[in-house]
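Reading the structure
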2 protein chains.
Amino acid sequence: MNIQFKKGVLELCVLSMLLERDYYGYELVEHISKHIDISEGTIYPLLRRLKTDGFVKTYLEESQEGPPRKYYTITEEGKKACDELIFEWNHFVQGVNTIIKGDRHE
Amino acid sequence: MNIQFKKGVLELCVLSMLLERDYYGYELVEHISKHIDISEGTIYPLLRRLKTDGFVKTYLEESQEGPPRKYYTITEEGKKACDELIFEWNHFVQGVNTIIKGDRHE
DNA sequence: TTTAGTATCTTGCATTGCAAGGTAGCATAG
DNA sequence: CTATGCTACCTTGCAATGCAAGATACTAAA
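Moving on, we come to the relation of the copies chain B and chain A. You can overlay chain B on chain A at an RMSD of 0.0 Å; the transform is a turn of 180° with a shift of 0.0 Å along its axis. As the rotation angle and translation indicate, the two copies are arranged about a two-fold axis.

Shown next, in the form of structure tokens:
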């Protein structure tokens, strides 16, 4: 898989998943990697950035299967950012597809 | 426009345009920027990379409207790379859309 | 005790897009 | 002749982000 394609898109993926319910980091990796290759070394720094930007909040919860889990909740600001990212993403994909399909109205 | 989205995709855009006919650098910027924001400081290093990788060849042609133009022609290797990139791109977009549309079959 | 699975995190590197700037040819306006 | 503007090429250094590799620690089973 082309690493570069993912730049900026993973943020969108995480935020839109959090729109549905709270997730913990490891769980996000598991789900996202069903569709896109992703590693833990990517997700944890990304989650930290999202928290710094105020797009998510966190809380800890104990687990019977291992160490405690840090859950992420999306904030109102995060929802706005997510909406905007989805809009930009759709617009971008359309632009790229227009270019690669040779539809240059010339 | 989200800068990160573009990472790796511009290579795909340039190669697929060259599939159709030869272009010179400035012309590529003009056409691509109809659909996606792009600057010259991006395209020239990219074209150099494509040449280094053997995906394109170049030749010069004089112009009545300014300095000589450097035209780019896609090579057989470039065509193969382009095919693969288009395949990966479509697959990637599908994966992302599945994630952001909440279609997680759970 | 060791292995494996879950779950968190960090460091340093590679890639690539961009702003800002430079060079140069041609044409037109002043 | 000079200045401006458009065409067309290029470079440098910076910013962003994904990853490999590694560290830590809890639980459970071999």
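Taken together, 31 residues sit near DNA strand C, with Tyr26(A), Arg69(A), Lys70(A), Lys6(B) and Thr42(B) positioned nearest. Counting only atoms of DNA strand C within 4 Å of the protein, the fraction found in sugar and phosphate groups is 70%. Measuring from a phosphate oxygen of DNA strand C, one finds a backbone N or O atom of Gly25(A) at 3.4 Å. Contact distances for DNA strand C include 3.1 Å between a base oxygen and a side-chain N or O atom of Glu40(A).

Quick look at the state of the cysteines now. All names here are of chain A. In total, this model carries 0 disulfides over all chains according to the counting rule given. Cysteine Cys82 shares no disulfide, and the gap to the nearest cysteine sulfur, in Cys13, comes to 9.5 Å. Owing to a relative accessible area of 0%, Cys82 belongs among the buried residues under this scheme.

The subject of this paragraph is the side chain of Glu27(A). Structurally, Glu27(A) is set in helix α2 (residues 25–32). With residues near it in sequence (within four places) discarded, Glu27(A) still touches Arg21(A), Asp22(A) and Tyr71(A).

Taken together, the 34 residues of chain B in the interface contact 35 residues of chain A. Summing both sides of the interface, chain B and chain A together bury roughly 3400 Å²; the carbon and sulfur share of this comes to 68%. Among the residues of chain B in contact with chain A, Phe5(B), Phe92(B) and Ile99(B) are the three that bury the most area, contributing 23% of the side total. Where chain B meets chain A, there are 0 salt bridges. Applying the counting rule to chain B against chain A returns 4 residue pairs in polar contact (both at pLDDT 80 or more). Here the residues of the side of chain B that touches chain A are counted per class, giving 16 nonpolar, 11 polar and 7 charged.

Rules of the game
- Residues numbered from 1 in each chain as written.
- Chains lettered and ligands numbered in written order.
- Predicted model: local features only at pLDDT ≥ 70, side-chain atom pairs only at ≥ 80, totals over all residues.
- Heavy atoms only, no water.
- Least-squares fit on C-alpha atoms with pLDDT ≥ 70 in both.
- Near = heavy atom within 4 Å.
- Polar contact = N/O pair within 3.5 Å; in protein donor to acceptor, adjacent residues only side chain to side chain.
- Disulfide = S-S within 2.5 Å.
- Buried < 20%, exposed > 50% of the residue type's maximum accessible area, 1.4 Å probe, protein only.
- Helix = DSSP H or I, 4+ residues; strand = E, 2+ residues; numbered from the N terminus.
- Contact = heavy atoms within 4.5 Å.
- Buried area = accessible area lost by both parts, 1.4 Å probe.
- Salt bridge = Lys/Arg side-chain N within 4 Å of Asp/Glu carboxyl O.
- Nonpolar A, V, L, I, M, F, W, Y, C, P; charged D, E, K, R; others polar.

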